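# Architecture and fold: a report
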Amino acid sequence: MANTVQFLGYARASGRSPFIRVFGVSFTGAYAQDNAEVIDLAAAVNPNGLEDPQTPQQTNPFIPAKIVGHTLNGYQPELQIGGNGTPGSYGIRFWASGGVELAAGASYSADFPANAALGGYGQVLLEVQSEN
């Protein structure tokens, strides 16, 4: 149960919160069920040196983070709604077809494709609208 989070970029949005930030997440180790795998956006690295890699500052942002893409060998990711009580952190779960959750203790390397760019297995792309 570990992951690597990278700040990949941002796009201009409209309204009071003008930026949408994109993060990539890749996983290592073994899966823990019930949102025990936590994605901490505040721990994101910024390998491309992009300016202003802000992370969410509120526990329950007005517009929560959302999944905009993934490569997980058919598994569907699900973010914990409202985060896990820590600003910028989200629990995540993985579901196979038929509503079967990835087995507890399953190795990510056995179920997800290798991801050399992010140093782990599989990839989930998250989009977060900034609060400031």
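In what follows, the structure referred to is the one given above.
The following refers to the structure shown.

### Quick word on the pattern of salt bridges
A complete count under the given rule lists 3 salt bridges for this structure. Residues D34 and R93 are paired through a salt bridge, measuring 3.1 Å at the closest nitrogen-oxygen approach. Highlighted residues: D34 in the loop between β2 (19–28) and β3 (37–40) and R93 in strand β6 (residues 89–96), separated in sequence by 59 residues. With a relative accessible area of 57%, D34 lands in the exposed category. Between K66 and E127 there is a salt bridge, with the nearest N and O atoms lying 3.4 Å from each other.

### Details of the side chain of Q6
By the secondary structure assignment, Q6 is in strand β1 (residues 2–12). Residue classification places Q6 among the buried positions, given a relative accessible area of 12%. For Q6, the residues in contact, after removing those within four places along its chain, are V22, F23, G24, A44, V45, P47, A117 and L118.

### Description of the nonpolar core
Of all hydrophobic cores here, the largest spans 22 residues; its most connected members are F27, I39, L41, F94, L102, F112 and L126. Counting only elements with at least two residues in this core, the list comes to β1, β2, β6 and β9 (120–129).

### Notes on the environment of S109
Topologically, S109 is positioned in helix α1 (residues 108–111). Given the relative accessible area of 40%, S109 is considered partly exposed. Sequence separation between S109 and G122 is 13 residues, and the spatial gap between their C-alpha atoms is 8.5 Å. At 2.7 Å, the side chain of S109 and the side chain of S107 are in polar contact.

### So, the environment of G91
Structurally, G91 is set in strand β6. Among the residues examined, G91 registers a relative accessible area of 0% and is labelled buried.

### Observations regarding the packing of aromatic side chains
In this description, an aromatic ring pair is defined by two values, namely the gap between the centres and the angle between the planes. Counting across every chain of the model gives 11 aromatic pairs. Taking 5.1 Å as the distance between ring centres and 85 degrees as the angle between the ring planes, the aromatic pair formed by F27 and F94 counts as edge-to-face. With a gap of 67 residues between them, F27 in strand β2 and F94 in strand β6 connect regions that are remote in the sequence. Both residues of the pair, F27 and F94, belong to the buried class. With a centroid separation of 6.2 Å and an interplanar angle of 75 degrees, the aromatic rings of Y31 and Y108 are classed as edge-to-face.

Reading the values: the criteria
Residues numbered from 1 in each chain as written. Predicted model: local features only at pLDDT ≥ 70, side-chain atom pairs only at ≥ 80, totals over all residues. Heavy atoms only, no water. Salt bridge = Lys/Arg side-chain N within 4 Å of Asp/Glu carboxyl O. Helix = DSSP H or I, 4+ residues; strand = E, 2+ residues; numbered from the N terminus. Buried < 20%, exposed > 50% of the residue type's maximum accessible area, 1.4 Å probe, protein only. Contact = heavy atoms within 4.5 Å. Core = buried A, V, L, I, M, F, W, Y, C linked by side-chain atoms within 4.5 Å. Polar contact = N/O pair within 3.5 Å; in protein donor to acceptor, adjacent residues only side chain to side chain. Phe/Tyr/Trp six-rings, centres within 6.5 Å; stacked < 30°, edge-to-face > 60°.

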